[in-house]
There are 2 protein chains.
Amino acid sequence: MPTIDNFELKALPDAPLAEGQARVRNLWLSVDPYMRGRMNDVKSYVPPFQIGAPMDGGAVGEVIESRNPAYAVGNKLLHMAGWRDEAVIGAETMAQKLPALGVPDEAWLHNLGLTGGTAYFGLLRVAEAKAGDVVFVSAAAGAVGSAVVQIAKLKGMTVIGSAGGAAKCAWVRELGADACIDYKAGDVLDQLTAAAPKGIDVYFDNVGGEHLDAAFALARQNARFAICGMIDRYNDGGALTLKYLIRTIPARIRMQGFIYTDFLSEMPAFVQEMAGWVLAGKVTARTTVHDGLDSMVDAFLGLFSGANTGKMLVKL
Amino acid sequence: MPTIDNFELKALPDAPLAEGQARVRNLWLSVDPYMRGRMNDVKSYVPPFQIGAPMDGGAVGEVIESRNPAYAVGNKLLHMAGWRDEAVIGAETMAQKLPALGVPDEAWLHNLGLTGGTAYFGLLRVAEAKAGDVVFVSAAAGAVGSAVVQIAKLKGMTVIGSAGGAAKCAWVRELGADACIDYKAGDVLDQLTAAAPKGIDVYFDNVGGEHLDAAFALARQNARFAICGMIDRYNDGGALTLKYLIRTIPARIRMQGFIYTDFLSEMPAFVQEMAGWVLAGKVTARTTVHDGLDSMVDAFLGLFSGANTGKMLVKL
């Protein structure tokens, strides 16, 4: 588990822009669980953070100075130079101009961005969930999980969420879930057995551990598991004990890991469908908003203690 | 772990045949690990054995009396009324007349039957293994594993087997495996790391446990695991601890359980390709043959102590 001592807030002088660069003032910064993996010095799907160098991550910012004809002052960009108040966007920075769809700026950091897209592609493409399926989703009050719940209901599925505590569960049910189990209130497998007496067709995994094992226990024939995150393993790196993994064979379970960027080519179709849902109020988000760059580390560490309902953001 | 006391050899009187039935004298009986699952009173892909009723399983027999126009005396049948010396084949018994391909009778109980088909469909259809892939297969000296090794080599893959002991490993290499690790001689992960320094694309799992975890540790991007058996779990029913399961996400591992009969519709294509290989001597089998119905239980229990190289059979 990282602590505040692993981080340092540093003031750097403004460098003049080179040809092709633009300067943005960041408005919204994202903290996401995958960033924990980038604190380990291992090869993974995104390179590790470097000690002493600025961290980065998703952000929405407004162009305040530009030597790039593609970006005018006042344009808003979704980009990867987060974890700072001002950023220089060069050719090497992942950045896109935000289309004027009428959604709030920060939606590009949740339902229209990383977390909404992860939910959408994981549920519909990786797990191939379809109308009539019984879907179980862990961390259902989180940013990804809450989007999974809503997309699954819009597509005609039965949805059972899991969340920690009565308040989070109440919200998951408000989002449309047919049931929500409170993993802090009792055994996950017992509760899931009661909520899904005929078993589950799809499991959307955000946590690993006891939830994953319960899904193995209750998987129906040809069940599909989309493995998105195992947040309970990110800090301890420890082993996972599964009692029901052996059901993989008789139930012909398919378990598949994925990340959001596997589906870059399908992004336009996702943005189109999701923007329609967001504008119609059919997919909503709760955000836990921290204020100011000083609060960035608190926001990040809060991801691992269950401090957030919905998407954790920092507003500058 | 079952013992000899769980079994009883019983003489039953010959019943006269009804219209549509045929009587066969069995020549070869099969014992297979999946039968252990049928000794538990749980719902699975094949119904449990009933206490006091005859067990059944794969067998090849010769028709000695017939009231079914489809079967003439002298025909040989592959059927599911095994675990006995004579059987009555009715409409409810899975049975097929053996085509005259020139292969030995018992081949229909291994390379042209359950074990060869499991290898073929698991490797090529479930894991979608293709030329150039690095394939890891556990229990590579077993009936299924040895077929996996040979099919993978015929299809242009690199193959690393695992087996228990130097003699079995030598045979696995004779079958064409590029390497074979001896799981009794050291740590599986260490040995697999040395044999596959760049990782693996496919894992064909016959055992679960330490082998499965090593496969998670060394899986390359988009690796596929075909989960065929977890023989080390069949008797203890115990939990499996995996240290590297979390690599499912960054490596986008796909793990899929399956059984042979999922591919019934593709059986003719399999028999055609496999019969060609068997007749050309390109896919061979070792068999461990027990003699006589009295030895059936010993043969079956031997499956769980590693007593067999290749396919375990009983000849009557």
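In what follows, the structure referred to is the one given above.
Small disclaimer: the values here were computed from a predicted structure and weren't measured.

## Remarks on the overall build of chain A
Scanning chain A from N- to C-terminus turns up eight helices and 14 strands. For the C-alpha atoms alone, the extent of chain A along its principal axes is close to 65 × 40 × 35 Å. In chain A, buried positions account for 55% of the 316 residues. Here the analysis covers contacts within chain A between residues at least 6 apart in sequence; of these, 66% occur between residues at least 24 apart.

## Considerations on the relation of the copies chain B and chain A
Superposition record for chain B on chain A: RMSD 0.0 Å, screw rotation 180°, translation along axis 0.0 Å. In short, the pair behaves as if placed about a two-fold rotation axis. When C-alpha distances to the rotation axis are compared across chain B, the minimum falls at Thr241 of chain B, with a value of 2.1 Å. Take the interface residues of chain B: 100% of them recur as interface residues in chain A, which is what a same-surface contact looks like.

## A look at the interface of chain B and chain A
Facing 30 residues of chain B, the contacting portion of chain A comprises 30 residues. Of all residues in chain B, the largest losses of buried area upon contact with chain A belong to Ile249, Arg252 and Met255 of chain B, amounting jointly to 27% of the total for that side. Across the contact surface, chain B and chain A share two salt bridges. Contributing elements (two or more residues each) for the side of chain B that touches chain A: α6 (209-218), α7 (231-234), β11 (240-242) and β12 (254-257) of chain B. The element contributing the most residues to the side of chain B that touches chain A is β12 of chain B, with four residues. When grouped by side-chain class, the residues that make up the side of chain B that touches chain A number 18 nonpolar, seven polar and five charged. The sheet contact formed by strand β11 (residues 240-242) of chain A and β11 of chain B spans three bridges and is antiparallel. Counted as the bridge partner of Leu242 of chain A is Leu240 of chain B from β11 of chain B.

## Observations concerning the packing of aromatic side chains
Residues and elements named next belong to chain A. Applying the stated criterion across every chain yields a total of 26 aromatic pairs over all chains. With a centroid separation of 5.5 Å and 55° between ring planes, the pair formed by Phe121 and Phe270 is classed as tilted. Of this pair, Phe121 sits in helix α2 (residues 114-126) while Phe270 sits in helix α7 (residues 267-279), placing them 149 residues apart in sequence. Clustering of aromatic rings is evident, with ring pairs tying together Tyr120, Phe121, Phe263, Phe270 and Trp277.

## Regarding the packing of helix α2 (residues 114-126) of chain B against helix α8 (residues 267-279) of chain B
Residue and element names in this part refer to chain B. One can describe the packing of α2 onto α8 by two numbers: an axis separation of 11 Å at closest approach and a directional angle of 105°. In terms of axis orientation, α2 runs roughly perpendicular to α8. Contacts from Gly116, Gly117, Tyr120 and Phe121 of α2 reach α8 at Met267, Ala269, Phe270, Glu273, Met274 and Trp277. Looking at the contact of α2 with α8 residue by residue, the classes come out as seven nonpolar, two polar and one charged.

What counts and what doesn't
- Residues numbered from 1 in each chain as written.
- Chains lettered and ligands numbered in written order.
- Predicted model: local features only at pLDDT ≥ 70, side-chain atom pairs only at ≥ 80, totals over all residues.
- Heavy atoms only, no water.
- Helix = DSSP H or I, 4+ residues; strand = E, 2+ residues; numbered from the N terminus.
- Buried < 20%, exposed > 50% of the residue type's maximum accessible area, 1.4 Å probe, protein only.
- Contact = heavy atoms within 4.5 Å.
- Least-squares fit on C-alpha atoms with pLDDT ≥ 70 in both.
- Buried area = accessible area lost by both parts, 1.4 Å probe.
- Salt bridge = Lys/Arg side-chain N within 4 Å of Asp/Glu carboxyl O.
- Nonpolar A, V, L, I, M, F, W, Y, C, P; charged D, E, K, R; others polar.
- Pairing = 2+ DSSP bridges.
- Phe/Tyr/Trp six-rings, centres within 6.5 Å; stacked < 30°, edge-to-face > 60°.
- Axes fitted to C-alpha atoms, helices over the stretch in contact; angles between N-to-C directions.
- Parallel < 35°, antiparallel > 145°, perpendicular 65-115°, else oblique.

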